[in-house]
Amino acid sequence: MTGIASDVDGLSTRAEQSALSLFTHGGGDRPEAGAPKAVARIREFLRDNPTPSPCVVIDLATVRERYWQLTAALPSARMYYAVKANPAPEVVRELATIGSSFDVASVPEIELCLAEGASAQNLCYGNTIKKRADIARAYELGVRLYTTDSEADLEALAEHAPGSSVFCRVQAAGHGAVYSFGSKFGCSPELAESLLLRAGKLGLVAGGVSFHAGSQQLDPSAWSAGIEQAASIASRLAAQGVRLPLLNIGGGLPGSYTQSAPPLGDYADAISAAAREHFAAVGLEAPQLVLEPGRFLVADAGLLRSEVVLISRKSPEDEHRWVYVDAGRYNGLTETEGECVAYLISSPEHTGEEAESESGPVYLAGPTCDGDDVLYQRTVYRLPSALRVGDHLDFLSTGAYTASYASIAFNGFSPLKTLCI
Ligand SMILES: *Cc1c(COP(=O)(O)O)cnc(C)c1O
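Everything numeric in this text was worked out from a predicted model, so none of it was measured.

Peer 1: Any chance you could break down the site of the ligand for me, citing the residues and the numbers?
Peer 2: For the ligand, the set of nearby residues contains 13 residues, the closest of which are Lys84, Ser215, Gly252, Glu292 and Tyr401. One nitrogen or oxygen atom from the side chain of Lys84 is found 2.8 Å from an oxygen atom belonging to the ligand. When the free accessible area of the ligand is taken as 390 Å², the share hidden by the protein chains comes to 93%.

What follows is the structure in structure tokens.
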């Protein structure tokens, strides 16, 4: 395990980092790639296997590495990979092979996991919004662990998935996250308590509380409130004779974008301490932790290659160039909406110090005839003055929520292709 670890990243040299030439605001802190060895391997692959752009390439060794890092940081937790982050069959197969379980949200995701070697007993149907027919199909396929947050869904589970275990999701605040889940999911702690109590009476098994602290969560202490709430629900249920064996703390661990995130160890320490302390405070043993990592396992493993289609200025005296690339909001770069995620960008044709010093400010946009298909207009990127039409821009850490969000063919542009190496 450690052999793989040192090969993949974390031990990148300064030279490897600077050979990349990452373009952002061009001054102050030097940004760092999350997995420079993955970038190097993917670029070598694209050099040897010319592939029409845009495409996203996933370095499976980095997915493996992230999985080992996470299991090493939280050794007693069980990992359920959130398939929606990147449902490429090769990614699912890789994770199934090394022992991951899976958080799925639909029947096709269940079928995908089963086809790629996962066993039904390692799947959790984590979507709280389900058709009755889909519950019945999931049960038929062998799924015995579900997440709920309502009376109606609990009753549907009792009818169509008898004897299964259920998590009850409570609403979490999501402060500190780039994406908060708002109030769509989860219920109040009082309702969670009564649903978990009722589960047993309906012939289901009360598994535990679940919550999601928001995606791309940059504050390691953000899980503490949800864990405290879970401990208080567990203690009230214990008083009524119901023991909750599990605690599902969702996903939220970050990928590497221009806004840097704390190291994994900080998250693991904060989560372990919160679980220990909040359960000890109510006189209970900490339950088995369940994690549903999505972004953390796949983001840094991916590189999205785009091609420059057009470079223009809106007037002769305009300082900014508009740089249009063949990847945009609708074919992979969905998370640039609201400029929420500012990806690290690098060009394979422009590396070294000159590329960084001889540069100017740009606005970046996608290829479609949609005014919203602009990637960055507020976030300042500086790109080399020598950048030409036909050159490539690589968006780093694009293994999560890119291909899986791409439209089928908006404006006739193909959905984003995924290749795995
Ligand atoms: C999307 C999702 C995840 C994964 O979230 P990340 O922020 O990508 O880690 C985990 N659990 C549930 C229920 C989700 O909906």
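Peer 1: A description of the pattern of salt bridges should follow, citing residues and the corresponding values.
Peer 2: Scanning the model with the defined rule gives 15 salt bridges in all. With a closest N to O distance of 2.3 Å, Arg198 and Glu151 form a salt bridge. With Arg198 in helix α9 (residues 189–201) and Glu151 in helix α8 (residues 151–160), this residue pair connects regions lying 47 residues apart in the sequence. Given a relative accessible area of 27%, Arg198 falls into the partly exposed group. Residue Glu151 is classed as partly exposed on the basis of its relative accessible area, which comes to 32%. Between Glu193 and Arg236 there is a salt bridge, and its shortest N-O distance comes to 2.5 Å.

Peer 1: So what's going on with the packing of aromatic side chains? Residues and values would help.
Peer 2: A full pass over the atoms with the stated rule returns 12 aromatic pairs. Judged by centre distance (5.1 Å) and plane angle (55 degrees), the ring pair of Trp322 and Tyr363 falls under tilted. Here Tyr363 lies in strand β16 (residues 359–365) and Trp322 lies in strand β14 (residues 321–325), a separation of 41 residues in the sequence. Judged by its relative accessible area of 19%, Tyr363 is buried. Ring pairing ties together the aromatic residues Tyr257, Tyr343 and Phe395, which thus form one cluster. Of note, Arg66 hangs over the ring of Phe296, and the distance from its end group to the ring centre comes to 6.0 Å. Taking NZ or CZ as reference, Lys130 lies 5.7 Å from the ring centre of Tyr125, over its face.

Peer 1: So what about the packing of α9 against helix α10 (residues 224–239)? Which residues, and what values?
Peer 2: Remark: α9 packs on α10, axes separated minimally by 10 Å, with the N-to-C direction vectors making an angle of 45 degrees. Of the possible angle classes, the one that applies to α9 and α10 is oblique. With respect to the hand of their crossing, α9 and α10 are arranged in right-handed fashion. In contact with Pro189, Ala192, Glu193, Leu196 and Leu197 of α9, α10 contributes Gln229, Ile233, Arg236 and Leu237. Of the residues belonging to the contact of α9 with α10, the class tally is six nonpolar, one polar and two charged.

Peer 1: Which residues make up the UniProt feature "active site" (unreviewed entry) in the protein, and what values do they have?
Peer 2: The sites that carry the UniProt feature "active site" (unreviewed entry) are, in the present numbering, Cys369. As for its placement among the helices and strands, Cys369 is situated in the loop between β16 and β17 (374–384). The exposure class assigned to Cys369 is exposed, which follows from its relative accessible area of 73%.

Calculation notes
- Residues numbered from 1 in each chain as written.
- Predicted model: local features only at pLDDT ≥ 70, side-chain atom pairs only at ≥ 80, totals over all residues.
- Heavy atoms only, no water.
- Near = heavy atom within 4 Å.
- Polar contact = N/O pair within 3.5 Å; in protein donor to acceptor, adjacent residues only side chain to side chain.
- Areas by Shrake-Rupley, 256 points an atom, 1.4 Å probe, with all protein chains shown as cover.
- Salt bridge = Lys/Arg side-chain N within 4 Å of Asp/Glu carboxyl O.
- Helix = DSSP H or I, 4+ residues; strand = E, 2+ residues; numbered from the N terminus.
- Buried < 20%, exposed > 50% of the residue type's maximum accessible area, 1.4 Å probe, protein only.
- Phe/Tyr/Trp six-rings, centres within 6.5 Å; stacked < 30°, edge-to-face > 60°.
- Lys NZ or Arg CZ within 6 Å of the ring centre and 35° of its normal.
- Axes fitted to C-alpha atoms, helices over the stretch in contact; angles between N-to-C directions.
- Parallel < 35°, antiparallel > 145°, perpendicular 65-115°, else oblique.
- Left-handed = near helix turned anticlockwise from the far one by under 90°.
- Contact = heavy atoms within 4.5 Å.
- Nonpolar A, V, L, I, M, F, W, Y, C, P; charged D, E, K, R; others polar.
- UniProt positions renumbered as here; feature names shortened; annotations may be inferred.

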